[in-house]
Amino acid sequence: MKIEFIEVQNFRKLKSCRIEFSDKKTVFVGANNSGKTSAMDALILFLEKSQRKCVTSTDFTLSNWYGINAIGRTWLTNDNSKPVDVSVSSWESFLPSVDVWIDVKENEIHYVSHLIPTLSWEGGLIGIRLRFEPKNTEELLKEFCTSYRAVQQTITDANGRENCRNLNLWPQSMRDFLDRKLQTYFGVKAYILDPDKLEEPQDGVAKVQKLPEDSIPLDREPFDGLFKIDIINAQRGFSDAKSFDASNPSNWVGGLSTQLRQYFSKHLNPSELPTPDDIDALEAIAVARETFDIKLRESFKPAIQELEGLGYPGFSDPEIILTSKLNPIDTLDHDTAVQFNLMKHNESNEEAQLCLPEKYNGLGYQNLISMVFSLIRFRDEWMRKGKAGKKLEGSDSIIEPLHLVLVEEPEAHLHAQVQQVFIKKAYDVLRNHEQLMNNDKFMTQLIVSTHSSHIAHEIDFASLRYFRRRYAEKVNDVPFVTVVNLSSTFGREDETSKFATRYLQATHCDLFFADAAILVEGPAERMLVPHFIRNKYPELDSRYVTLLEIGGSHAHRLRPLIEQLGILTLVITDIDSIGQNTQKKVLPKRDQKYRSGNDTLKTWIPCKEKLDDLLKATDEEKVSTDSTVRVAYQCAIKILFDDKEQEVLPYTFEDALVLTNVKLFKKVTNANGLLKKMVDALNSKSLDDASLAMFDALENGKKAEMALDILYKEDPTKIDPPQYIANGLVWLEMELERKNVDFILEGTIVGGAK
């Protein structure tokens, strides 16, 4: 048994999305504010029964409050001439819900007998909707209308009083009412879904099935006995004892010593339900207690005799006897219960040991050890190890066939290397039990949300689920999220999949967390474009933009991935002019029937091969149809050369940079290598001669070395980017600003996300 996928509806930005789970590890990735945390919270709040009371009005998708407030206004304006619609179905399109689709095998049907959708069902998918809905709409109507009308009457009675004009009395609307009363009138109810009505998402948006009007909620918890859920929150608190949350102590992890005490109490305590294996320990405790009692009484004898000398306890009073109680758990209840021995080879010689308390170990390793021990504890509780199992003997409790473990942002307080260790070992730890290894009777699914490229780098990319931000586009709308299953990109055997996998594994995975991406041609652009952004484009510099050196001839290979992610992307590449019937590189010229050798320009954007067509292409033609990708390549520029304004066609980034900054580069002295050749070319008799000299110099020039020389010799703030790059960066900056809108109200942008 396993969870195949979930469909989340009307929960924050998760307006209607499907999230598919891998059999073992599923990792949520995406840029900041893309919905990863919302997805984890939806799982926690709906699947964990004890957490459902934590659902608040802010968990509703913001734009849905227009519809909910409209229901309230309809109730208020009803004149009793016709019945008021108090059905839950009128709320259905606004209510937060999580549909859990479980894949059940034939030999597991006995677990789900209470969830079978039809008599003809013989295994496969079973769907359960957990919906946060009104418990009793009639009571909600009565209370809301009474409260609202009382406020309006108060305002009417106080009309004209100066000190009442600015009062904001409660409630002003249904939203205002539910901000206070949500948990009183709402709760989670479960419904059985029909697998035959399941539809595939359309453009990433889940086609959530509508419940029949006569649907009856289940009268019991649907997942009791099906799966055990355990959670490691992002704010774990084990690095600071002061972070204990008294309102929710179950979420507090504490230090390793605290966890060891809890584990000992639940699984190992010899005083609880003793077995023959515990006899030796219990005898040792009894001997120790007896010895300590003798010493205790001897030590207190003078003081007790002194009390008796004062006439107390007296002839008729009982005798004072001191006795001790040794509790094994108390032996671990101190700050140094867990220590780290620095002399590993002298464990048997206490005098030779050098030990420090756990708090003196590095915070990163403390957290790693504590998190891994949490996983061990989750596993052993699930498998009823030790005393935990013995306490349940004779009860109806069974081991659930599925263990669902949720880990939020494990990178919190973990160093880069430690993050990689954790994600590689976590699932193995959860399965390291004799009943779990190579046994599909019990399944474990680990769900991790992260913003760490180190974690993403260490796992199979097919396990990644990318949270793609979709932007507000119409009035009274908010941004929403769709989730991309990257197994469709990285799970294939074609060349595109292989290239994307090898490239990302060889570089980094920042692409999965960026607001935008810039793909550049070579090392010179990689070094200088960040300086252009930092010094010329402050708004762009404030965003998380990742820069990838991919090479113009390979940028198109990432096209399927870029389009799946829907991430804003600027491709900075070279026009790569070649002859009409040859592959020989040539200096760009108009009307020569030259072509481009750049596969990105020929097969992706603007999908043109002729050089003249590329030079004539408009800005609109350089942008993809969905406005998420723009290409930037050399274009004709006008410069002042020999006191005359002339047009020039650069061949590549380096000559375009020099020709854009003629005055600056003419002043360069003591130049070497390619930079010197470029500076010398500026002293040619004509602009055509200068362009040809630069073209020849670039044939075997060291471009990266030239970029380093420029950064060393010149102030980056004084260097202007080539026009084609400037145009691309302006487009990227404007698109980020335009699409990063939090809310659209009556045609007015309200609150751009930062």
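These numbers come from a predicted model, not from an experiment.

### So, the overall build of the chain
Logical step 1: A tally of helices and strands in the chain yields 23 helices and 23 strands.
Logical step 2: Here the chain holds 754 residues, and the buried ones make up 48% of them.
Logical step 3: Considering only contacts within the chain whose residues lie at least 6 apart along the sequence, 73% involve residues at least 24 apart.
Logical step 4: Carbon together with sulfur atoms contributes 49% to the accessible area of the chain, which is approximately 38200 Å² in total.

### Quick look at the confidence of the model for the chain
Logical step 1: Residues at a pLDDT of 70 or more form 81% of the chain, whose mean pLDDT is 84.
Logical step 2: pLDDT under 50 marks residues 312-316. Its contacts with residues more than four places away, or in other chains, come to four contacts.
Logical step 3: A low-confidence stretch, residues 747-754 stays under pLDDT 50, and its non-local contacts, those more than four residues away or across chains, total 16 contacts.

### Things to note about the pairing of strand β16 (residues 568-572)
Logical step 1: Most of β16 is tucked away, with five of its five residues classed as buried.
Logical step 2: In β16, alternate side chains face the same way, and those of Leu568, Leu570 and Ile572 on one face and Thr569 and Val571 on the other are all buried.
Logical step 3: Two strands pair when backbone bridges link them, and β16 and strand β19 (residues 629-632) are joined in this way by four bridges, in the parallel orientation. Across the sheet, residue Ile572 finds its bridge partner in β19, namely Ala632.

### Observations concerning the pairing of strand β5 (residues 124-134)
Logical step 1: When you tally the buried positions in β5, you get nine out of 11 residues, the bulk of the element.
Logical step 2: The sheet contact formed by strand β4 (residues 97-104) and β5 spans eight bridges and is antiparallel. Bridge assignment links Val100 to a residue of β5, and that residue is Ile128.

### Points about the sheet that holds β19
Logical step 1: One open sheet holds the four strands; their spatial order is β15-β14-β16-β19, and the pairing between them is parallel. Unpaired on one side and paired on the other, β15 (545-549) and β19 mark the two borders of the sheet. In this sheet, adjacent strand axes meet at a mean angle of 15° when their direction is disregarded.
Logical step 2: For strand β14 (residues 516-520) and β15, the ladder comprises five bridges, and the chain directions are parallel. If you follow Val520 over to β15, its bridge partner there is Glu549.
Logical step 3: Lying over the sheet, helix α23 (residues 723-739) contacts β14, β15, β16 and β19, oriented at roughly 180° with respect to β16.

### As for the sheet that holds strand β6 (residues 186-192)
Each strand in a sheet pairs with its neighbour through backbone hydrogen bonds, running either in the same direction (parallel) or in the opposite one (antiparallel).
Logical step 1: Strand order in this open sheet of five strands is β2-β1-β4-β5-β6, and the pairing throughout is antiparallel. Edge positions in the sheet fall to β2 (14-20) and β6, since each of these pairs with one other strand and no more. Sheet twist, expressed as the average angle between the axes of neighbouring strands with direction ignored, equals 15°.
Logical step 2: In this sheet, β2 lies alongside strand β1 (residues 2-11) in antiparallel orientation, the contact comprising six bridges. Counterpart to Phe11 in the pairing with β2 is Leu14.
Logical step 3: Across the sheet, helix α1 (residues 36-47) lies against β1, β2, β4, β5 and β6, angled at about 100° from β1, the strand it touches most.
Logical step 4: Its contacts with the sheet place helix α4 (residues 174-185) against β5 and β6, and it is angled at close to 50° to β6.

### Observations regarding helix α18 (residues 653-660)
Logical step 1: With respect to burial, α18 is a largely interior element, seven of its eight residues being buried.
Logical step 2: Burial in α18 covers these residues: Phe653, Glu654, Asp655, Ala656, Leu657, Val658 and Leu659.

### Remarks on the pattern of salt bridges
Logical step 1: Throughout the structure, instances matching the rule amount to 37 salt bridges.
Logical step 2: Between Lys210 and Glu92 there is a salt bridge, with its nearest N and O atoms 3.1 Å apart. Taken together, the residues span a long stretch of sequence, with Lys210 in the loop between β6 and β7 (227-232) and Glu92 in the loop between α2 (65-77) and β4 at a distance of 118 residues.
Logical step 3: We classify Glu92 as buried; its relative accessible area is 11%.
Logical step 4: Arg543 is paired through a salt bridge with Glu737; the nearest N and O atoms lie 3.2 Å apart. A residue pair is termed long-range when its members are at least 10 positions apart, and Arg543 in the loop between α14 (538-541) and β15 and Glu737 in helix α23 qualify at 194 residues.
Logical step 5: The exposure class of Arg543 is buried, given its relative accessible area of 17%.
Logical step 6: Look at the salt bridges and you will find they share partners, linking Glu92, Asp99, Arg129, Arg131, Glu133, Lys189 and Lys210 into a network.

### A look at unusual backbone geometry
Logical step 1: Residues Trp170 and Pro171 are joined by a peptide bond in cis, for which omega reads 0°.
Logical step 2: By secondary structure assignment, the location of Pro171 is in the loop between α3 (137-157) and α4.
Logical step 3: Here Ile605 and Pro606 are connected by a cis peptide whose omega angle stands at 0°.
Logical step 4: Following the sequence through the fold, Pro606 ends up in the loop between α16 (599-603) and α17 (611-616).

### Some points on the environment of Leu375
Logical step 1: Secondary-structure assignment places Leu375 in helix α7 (residues 363-382).
Logical step 2: Here Leu375 falls in the buried class, since its relative accessible area comes to 0%.
Logical step 3: With residues near it in sequence (within four places) discarded, Leu375 still touches Ile232, Val405, Phe422, Ala426, Val429 and Leu430.

### Focus: helix α22 (residues 703-713)
Logical step 1: Those residues of α22 that fall on the buried side of the exposure criterion are Met706, Ala707, Asp709 and Ile710. For α22, the buried positions fall inside an angular range of 160° around the axis, keeping them on one side.
Logical step 2: The secondary structure elements touched by the buried residues of α22 are α13 (523-536), α18, α19 (662-666) and α20 (673-681).

### Observations regarding the packing of aromatic side chains
Logical step 1: Applying the stated criterion to the full structure yields 17 aromatic pairs.
Logical step 2: Taking 5.7 Å as the distance between ring centres and 70° as the angle between the ring planes, the aromatic pair formed by Trp91 and Phe186 counts as edge-to-face. On the criterion of sequence distance, the pair formed by Trp91 in the loop between α2 and β4 and Phe186 in strand β6 is long-range, its members being 95 residues apart.
Logical step 3: Looking at Trp91, the relative accessible area reads 0%, which means it is buried.
Logical step 4: Judged by its relative accessible area of 1%, Phe186 is buried.
Logical step 5: With a centroid separation of 4.9 Å and an interplanar angle of 85°, the aromatic rings of Tyr651 and Phe695 are classed as edge-to-face.

### As for the nonpolar core
Logical step 1: If you look at the biggest cluster of nonpolar residues, it comprises 64 residues, and the most contacted ones within it are Ile19, Trp91 and Phe186.
Logical step 2: The dominant element in this core, judged by the number of residues it contributes, is α1, at eight residues.
Logical step 3: Once residues within four sequence positions are removed from consideration, Phe186 is found in contact with Phe60, Trp91, Leu95, Phe132, Glu133, Pro134, Lys135, Leu140 and Leu178.
Logical step 4: With 62 residues, the next largest nonpolar core counts Leu430, Leu486, Cys509 and Ile575 among its residues.

### Comments concerning empty space enclosed by the protein
Logical step 1: Scanning the entire structure with this criterion turns up three cavities of 30 Å³ or more.
Logical step 2: Its boundaries defined by the atoms lining it, the largest cavity holds a volume of some 80 Å³.
Logical step 3: Lining the largest cavity we find Ala31, Tyr466, Phe467, Arg468, Arg469, Tyr471, Ala514, Asp515, Leu565, Gly566, Ile567 and Leu568.
Logical step 4: A total of four residues in the lining of the largest cavity trace back to one element, the largest contributor, which is strand β12 (residues 464-470).

### So, the packing of α2 against α3
Logical step 1: Between α2 and α3, whose axes approach to 10 Å, the crossing angle comes to 75°. In terms of orientation, α2 lies roughly perpendicular with respect to α3. Only Thr137, Leu140, Leu141, Phe144, Cys145, Tyr148 and Arg149 of α3 make contact with α2, whose side of the interface consists of Gly72, Trp75 and Leu76.
Logical step 2: By residue class, the composition of the contact of α2 with α3 is seven nonpolar, two polar and one charged.

Thresholds applied
Residue positions are given per chain, counting from 1 as you read along its sequence in written order. Selection of residues for local features in this predicted model requires a pLDDT of at least 70, selection of side-chain atom pairs for listing and counting requires 80 or more, and totals for whole chains, interfaces and linings are taken over all residues. Hydrogens and water molecules were not included; the side-chain quantities draw on all heavy atoms of the structure. Secondary structure is summarised from DSSP: a helix means a run of H or I of at least four residues, a strand means a run of E of at least two, and numbering begins at the N terminus for each. Each residue is placed in one exposure class: buried if its accessible area under a 1.4 Å probe, protein chains only, is under 20% of its type's maximum, exposed if it is over 50%, and partly exposed if it falls in between. Whether two residues are in contact is decided by their heavy atoms: any pair within 4.5 Å suffices. All accessible-area figures derive from a Shrake-Rupley calculation using a 1.4 Å probe, and residue coverage is judged against the displayed protein chains alone. Values of pLDDT, ranging from 0 to 100, describe the predictor's confidence in every residue of the model. A pair of strands is considered paired only if DSSP assigns at least 2 bridges between the two. Fitted lines through C-alpha atoms give the axes, limited to the stretch in contact for helices. The angle between two N-to-C directions lies from 0 to 180 degrees. Just to be clear on terms, a salt bridge is a Lys or Arg side-chain nitrogen sitting within 4 Å of an Asp or Glu carboxyl oxygen. The arc in question is formed by the directions pointing from the helix axis toward the C-beta atoms. Two rings belonging to Phe, Tyr or Trp (six-membered ring only in the last case) form a pair when the distance between their centres is within 6.5 Å. Interplanar angles under 30 degrees mark stacking, angles over 60 mark edge-to-face geometry, and anything in between is tilted. Here the nonpolar core consists of buried residues drawn from Ala, Val, Leu, Ile, Met, Phe, Trp, Tyr and Cys, with membership extended through side-chain atoms lying within 4.5 Å. Detection works on a 1 Å grid of protein atoms alone, calling trapped sets that fit a 1.4 Å probe cavities and calling open sets with protein on both sides within 12 Å along at least five of seven lines pockets, with lining residues defined by an atom within 4 Å of a point. Grid points are joined across faces, edges and corners, and a volume is the space filled by probe spheres set on the points. Here the word oblique covers every angle except those under 35 degrees (roughly parallel), over 145 (roughly antiparallel) and from 65 to 115 (roughly perpendicular). Ten residues, namely Ala, Val, Leu, Ile, Met, Phe, Trp, Tyr, Cys and Pro, are considered nonpolar, four, namely Asp, Glu, Lys and Arg, are considered charged, and the remaining ones, Gly among them, are considered polar.

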